[in-house]
Amino acid sequence: MSEIKENTNQPPRGIRNNNPGNIRNSEANEWKGEVDKEEKLDNSFEEFEDMPHGIRAMMQLLINYQSKYTLLTVRDLVSRWAPRTENDTTTYVNRVCKELQMPSTCPIDLTDKGTLCALVDAMIFVENGKRVPMADIEAGYALFLKYAKK
């Protein structure tokens, strides 16, 4: 979650940046659909040309967390996504689990489209205090599949 207080007259930072997961800028990743460095307005967080590309990046990171680091539960995934040093991780986990109607220690299968989309939807709500259209989440999933095949 963003540590900078948002101006209430404009959409949350994650929505403005088409980065609803609030993925931090990193030289380690060249994201598909990422705004060119020269055009970026936010020095701290990634910016994407559209919402589906931002959602696709979020999905890719979550899948990587599960496959590379064996993070199998909502608690595991969110604890890495939103570390205690920057967030109220316990509240974040509890809110996502309430949205998903599952306990924080239950294994979650992110290879299942419905599960991945539901997790992303819940996390976007916690990150931004608002939802994005499910059509954008499904378009992000389609991009995830498209780029995964290459």
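Everything here concerns the structure above.
Let me begin by describing the structure that accompanies this report. Here the structure is a predicted model, which is why all the values come from computation and not from measurement.

Rules used throughout
- Residues numbered from 1 in each chain as written.
- Predicted model: local features only at pLDDT ≥ 70, side-chain atom pairs only at ≥ 80, totals over all residues.
- Heavy atoms only, no water.
- Helix = DSSP H or I, 4+ residues; strand = E, 2+ residues; numbered from the N terminus.
- Buried < 20%, exposed > 50% of the residue type's maximum accessible area, 1.4 Å probe, protein only.
- Salt bridge = Lys/Arg side-chain N within 4 Å of Asp/Glu carboxyl O.
- 1 Å grid on protein atoms, 1.4 Å probe; cavity = no way out; pocket = protein on both sides within 12 Å on 5 of 7 lines; lining within 4 Å.
- Points joined across faces, edges and corners; volume = space filled by probe spheres on them.
- Nonpolar A, V, L, I, M, F, W, Y, C, P; charged D, E, K, R; others polar.

### Description of unusual backbone geometry
In this model, Asn 22 sits at a positive phi of 55°, which is unusual for a non-glycine residue. Looking at the element boundaries, Asn 22 is found in the loop between helix 1 (13-16) and helix 2 (51-69). When its relative accessible area of 8% is taken as the criterion, Asn 22 is described as buried. A positive phi is found at Gln 101, a non-glycine position, where the angle reads about 55°.

### A short note on the pattern of salt bridges
Note on pairing: side chains with opposite charge can pair once their charged atoms come close. Counted according to the given criterion, the structure contains eight salt bridges. Between Arg 131 and Glu 99 there is a salt bridge, with its nearest N and O atoms 2.5 Å apart. You can see Arg 131 sitting in the loop between helix 5 (113-128) and helix 6 (134-148) and its partner Glu 99 sitting in helix 4 (residues 89-100), a full 32 residues away along the chain. Connected through salt bridges with shared partners, the residues Arg 95, Glu 99, Asp 121 and Arg 131 form a single ionic network.

### Some points on the layout of surface pockets
Any empty space left between atoms is shown by rolling a water-sized probe over those atoms. Of the voids in this model, the second largest pocket is the one considered here, and its volume is about 170 Å³. Taken together, Asn 29, Glu 30, Trp 31, Gln 60, Leu 61, Asn 64, Tyr 65, Lys 68, Tyr 69 and Arg 80 make up the full set of residues lining the second largest pocket. The element best represented in the lining of the second largest pocket is helix 2, accounting for six residues. For the lining of the second largest pocket, the class distribution of residues is four nonpolar, three polar and three charged.

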